[in-house]
Amino acid sequence: SQELEQSPQSLIVQEGKNLTINCTSSKTLYGLYWYKQKYGEGLIFLMMLQKGGEEKSHEKITAKLDEKKQQSSLHITASQPSHAGIYLCGAGPTGNQFYFGTGTSLTVIP
Amino acid sequence: EPEVTQTPSHQVTQMGQEVILRCVPISNHLYFYWYRQILGQKVEFLVSFYNNEISEKSEIFDDQFSVERPDGSNFTLKIRSTKLEDSAMYFCASSVPSGGPKSTDTQYFGPGTRLTVL
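Each value, and the rule that gives it
Residues numbered from 1 in each chain as written. Chains lettered and ligands numbered in written order. Predicted model: local features only at pLDDT ≥ 70, side-chain atom pairs only at ≥ 80, totals over all residues. Heavy atoms only, no water. Helix = DSSP H or I, 4+ residues; strand = E, 2+ residues; numbered from the N terminus. Rg over C-alpha atoms; globule rule 2.2 N^0.38 Å. Buried < 20%, exposed > 50% of the residue type's maximum accessible area, 1.4 Å probe, protein only. Contact = heavy atoms within 4.5 Å. Lys, Arg positive; Asp, Glu negative; His and termini not counted. Charge placed at Lys NZ, Arg CZ, Asp CG, Glu CD. Polar contact = N/O pair within 3.5 Å; in protein donor to acceptor, adjacent residues only side chain to side chain. Phe/Tyr/Trp six-rings, centres within 6.5 Å; stacked < 30°, edge-to-face > 60°. pLDDT = per-residue confidence, 0-100. Buried area = accessible area lost by both parts, 1.4 Å probe. Salt bridge = Lys/Arg side-chain N within 4 Å of Asp/Glu carboxyl O. Pairing = 2+ DSSP bridges. Axes fitted to C-alpha atoms, helices over the stretch in contact; angles between N-to-C directions.

## Some words on the overall build of chain B
Across its full length, chain B carries 0 helices and 11 strands. Starting at the N terminus, the α and β elements of chain B follow one another as β-β-β-β-β-β-β-β-β-β-β. The C-alpha atoms of chain B give 14 Å as radius of gyration, which agrees with the globular expectation for 118 residues (13 Å, within 12%). Sorting the 118 residues of chain B into buried and exposed places 47% on the buried side. Look at the contacts in chain B between residues 6 or more apart in sequence, and 55% of them connect residues 24 or more apart. Taken as two groups, the 10 positive and 14 negative side-chain charges of chain B have centres that lie 3 Å from each other.

## Considering the side chain of threonine 82 of chain B
Residues and elements named next belong to chain B. On the secondary structure map, threonine 82 appears in the loop between β8 (75-79) and β9 (88-95). Taking the relative accessible area as the measure of exposure, threonine 82 reaches 1% and is therefore buried. One polar contact links the side chain of threonine 82 to the main-chain carbonyl oxygen of glutamine 14, over a distance of 3.2 Å. Apart from the residues within four sequence positions on either side, threonine 82 is in contact with Thr13, Gln14, Met15, Gly16, Gln17, Val19, Gln64 and Val117.

## Digging into the packing of aromatic side chains
This model, assessed by the stated rule, comprises 17 aromatic pairs over all chains. With centroids separated by 5.2 Å and ring planes inclined at 45°, the aromatic side chains of tyrosine 35 of chain B and phenylalanine 109 of chain B adopt a geometry described as tilted. Here phenylalanine 109 of chain B lies in strand β10 (residues 108-109) and tyrosine 35 of chain B lies in strand β4 (residues 31-37), a separation of 74 residues in the sequence. By the ring-pair criterion, three or more aromatic residues cluster together here, those being Tyr33, Tyr35, Phe45 and Phe100 of chain A together with Tyr31, Tyr33, Tyr35, Phe45, Tyr50, Tyr108 and Phe109 of chain B.

## Some remarks on the confidence of the model for chain A
The pLDDT averaged across chain A works out to 89; a share of 92% of its residues lies at or above 70. Between the elements of chain A, mean pLDDT differs from a low of 88, seen in strand β10 (residues 99-100) of chain A, to a high of 97, seen in strand β2 (residues 10-14) of chain A.

## Thoughts on the interface of chain A and chain B
Taken together, the contacts link 25 residues of chain A with 27 residues of chain B. Between chain A and chain B, roughly 2,100 Å² of surface is buried when both sides are summed, and carbon and sulfur atoms account for 50% of that area. In this assembly, chain A and chain B are joined by 1 salt bridge. In this structure, the salt-bridge partner of glutamate 3 of chain A is lysine 42 of chain B, at a minimum N-O distance of 3.7 Å. On the surface where chain A and chain B come into contact, there are 3 residue pairs in polar contact (both at pLDDT 80 or more).

## So, the sheet that holds strand β1 (residues 4-7) of chain A
As a general point, the strands of a sheet are linked pairwise by backbone hydrogen bonds and lie either parallel or antiparallel. Residues and elements named next belong to chain A. Read from one edge of the open sheet, 5 strands run β1-β3-β8-β7-β6, paired in antiparallel fashion. Of all the strands in the sheet, just β1 and β6 (55-58) have a single pairing partner and so form its edges. Here the average twist between neighbouring strands, direction ignored, is 15°. Pairing of β6 with strand β7 (residues 61-65) involves 4 bridges; the strand directions are antiparallel.

## Some remarks on the environment of leucine 39 of chain B
Residues and elements named next belong to chain B. When you line up the elements, leucine 39 lands in the loop between β4 and β5 (43-50). A residue is classified by how much of its surface remains accessible, and leucine 39, at 63% relative accessible area, is exposed. For the pair leucine 39 and aspartate 86, spaced 47 residues apart in sequence, the C-alpha to C-alpha distance is 11 Å.

## Overview of the pairing of strand β7 (residues 65-68) of chain B
All names here are of chain B. Judged by which residues are buried, β7 turns out to be one-sided: Phe65 and Val67 face inward and are buried, whereas Ser66 and Glu68, on the alternate face, are not. The pairing of β7 with β8 spans 4 bridges and is classified as antiparallel. When the bridges of β8 are listed, phenylalanine 65 appears paired with isoleucine 79. Linkage of β7 to β8, two consecutive antiparallel strands, is achieved through a turn of 6 residues.

## Re the side chain of serine 95 of chain B
Locating serine 95 of chain B in the fold gives a position in strand β9. Once you skip the residues sitting within four places of it in the chain, serine 95 of chain B turns out to touch His29, Leu30, Tyr31, Tyr33, Asp105, Thr106 and Gln107 of chain B.

This is the structure we're talking about:
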């Protein structure tokens with residue numbers, strides 16, 4: 001089965017600081033997804049990466065997928081309290097069975 | 001913007017009872033999914049459903065569980081004879097298939113139903 005490891009497990013940063021969350025897969029990824037979860041709520045889709053070396057940005061969040069398609073990073077520039085939550089990477093060897101990473105809990109201190 | 005909805009938001013049941021969790025996927029989506037998240041643990045895949053049948057299921061999805069699309073809009077997860085360890089947040093998701101066995105379709109998630117088994 002697909003294993004996705006995220007690091008760090010939790011992160012506490014001062015508002016305005018940059019941060020990076022990593023996701024490593026045990027297998028080659030066909031698609032790597034980043035989601036954000038607020039406590040007790042659903043998962044909000046952030047972005048999807050499919051091609052080796054691909055990089056996407058949305059507002060202050062940038063995600064990259066390495067050339068081998070086994071590692072991804074999520075970078076937040078100038079963090080804000082609204083960025084706080086749990087960030088999950090997700091992927092599947094096929095489109096029908098989907099696995100999530102262990103999650104990274106982000107706290108942004110104003 | 002269209003979204004996946006789930007009802008109820010919180011369900012409390014006695015051990016041994018049956019529960020049905022309901023989901024309304026996004027209207028033009030064709031693939032439907034159920035996941036669960038036990039408190040403090042990973043989000044785990046349960047089952048995917050396409051064309052009125054189960055497409056894939058995990059080891060968690062045993063005979064205690066069943067899914068159904070009873071009409072054109074609802075997608076349900078039935079848990080028979082609930083156990084204490086079934087207490088979790090259950091998420092429904094849906095996607096539009098882009099085609100092919102290894103499609104990488106974005107799944108859109110509902111807000112979840114928190115199931116508490118006493």
